[in-house]
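Fold and contact review
Listed below, chain by chain, are the residues.
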Amino acid sequence: MFKVLLVEDEEMIRKGLRYTFDWLGSDCIVIDEAVNGAEGLSKIIELQPDIVIADVNMPLMDGITMIERSMDAATCSFIIVSGYDEFHLAQKAVHLGVSEYLLKPLEQHQLIEALARAKTQIELKKKYQLIKNNHKQLDEVLSAALMNDAPTKASKYVAQMIAYIQLNYAERISIQDLVTQLGISSTYLNQKFKTETTYTFNEFLNRYRIQKAMDQLKTGGGKVYTIASDVGFKDYKYFISIFKKYVNITPSQFQDQFKS
């Protein structure tokens, strides 16, 4: 699973991108957001994302400068987004190795295709980094990167956990269900899950439920309390609290935006 950082100063665009795109369908997960280039640079260094989607024109530091300053601090693939078809910026982005230069408003199919190219690029970059850092043990490194069974097993566990959430999010579930199924301790599973997704099992479950709630709210039908129950929140007040935490508005306000 590829870790994505969103760097965009316009909150509506940033939140819309985070919560309306099927990231899991592209084998990606949004690990965090930044509201300007300076914050984006800091989070690139701290979080080491695989893919960074960034606006060009932002306060404090623009997207191009952010990418230039992050080159030695992290190995990432960059997708640049702009509201204008600016040839000189596109040229500079290409020079920096940016995988894609997209114009707003983004279409779903454009982002899917851009992510596919970005994922290919970051995989190549990481393999090159392994070779560069371990030149004296080239054969062993390539073998470890491509054939090592331990990371594969860990990824399989995480994939099973995500699949379990996708199938059962509407029910009362917990990581203990998977302990029984997989025969692995909850501590180990949570550690692996957090390592690969940056979230605990419960955090990811809540975010997935909120995304499903937003899908229902966008249609404009259904009562908010019914939708809360439909996506697995049996405590209505808790649902409101979690929704506001992730979306910054209440479910009713979110629903009203799409009605209008």
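Just above, that's the structure.
Presented here is an overview of the structure given in this document.

Calculation rules
Residues numbered from 1 in each chain as written. Predicted model: local features only at pLDDT ≥ 70, side-chain atom pairs only at ≥ 80, totals over all residues. Heavy atoms only, no water. Buried < 20%, exposed > 50% of the residue type's maximum accessible area, 1.4 Å probe, protein only. Helix = DSSP H or I, 4+ residues; strand = E, 2+ residues; numbered from the N terminus. Pairing = 2+ DSSP bridges. Contact = heavy atoms within 4.5 Å. Polar contact = N/O pair within 3.5 Å; in protein donor to acceptor, adjacent residues only side chain to side chain. Axes fitted to C-alpha atoms, helices over the stretch in contact; angles between N-to-C directions. Parallel < 35°, antiparallel > 145°, perpendicular 65-115°, else oblique. Nonpolar A, V, L, I, M, F, W, Y, C, P; charged D, E, K, R; others polar. Phe/Tyr/Trp six-rings, centres within 6.5 Å; stacked < 30°, edge-to-face > 60°.

Of all seven residues in strand β2 (residues 28–34), six are buried; the element is thus mostly enclosed. Pairing analysis gives six bridges linking strand β1 (residues 2–7) to β2, with the strands arranged parallel. Paired with V7 across the bridge in β2 is A34.

In this section: the environment of S77. Mapping S77 onto the fold places it in strand β4 (residues 77–82). Setting aside anything within four residues of it in sequence, one finds S77 in contact with D50, I51, V52, S99, A118, Q121, I122 and K125. There is a polar contact of 2.5 Å between the side chain of S77 and the side chain of Q121.

For the pair helix α10 (residues 201–218) and helix α12 (residues 236–247), interaxial distance at closest approach is 10 Å and the crossing angle is 90 degrees. When the axis of α10 is compared with that of α12, the two are roughly perpendicular. Contacts between α10 and α12 involve E203, N206, R207, I210, A213, M214 and L217 from the first element and Y238, F239, I242, F243, Y246 and V247 from the second. Looking at the contact of α10 with α12, its residues break down into 10 nonpolar, one polar and two charged.

By convention here, two paired aromatic rings are described through the distance between centres and the angle between planes. All told, the structure shown has 10 aromatic pairs when counted by the stated rule. Ring geometry for Y169 and Y208: centres 5.4 Å apart, planes at 75 degrees, overall edge-to-face. Within this pair, whereas Y169 is found in the loop between α7 (149–168) and α8 (175–182), its partner Y208 is found in helix α10, the two being separated by 39 residues in sequence. With centroids separated by 5.8 Å and ring planes inclined at 70 degrees, the aromatic side chains of F243 and F254 adopt a geometry described as edge-to-face.

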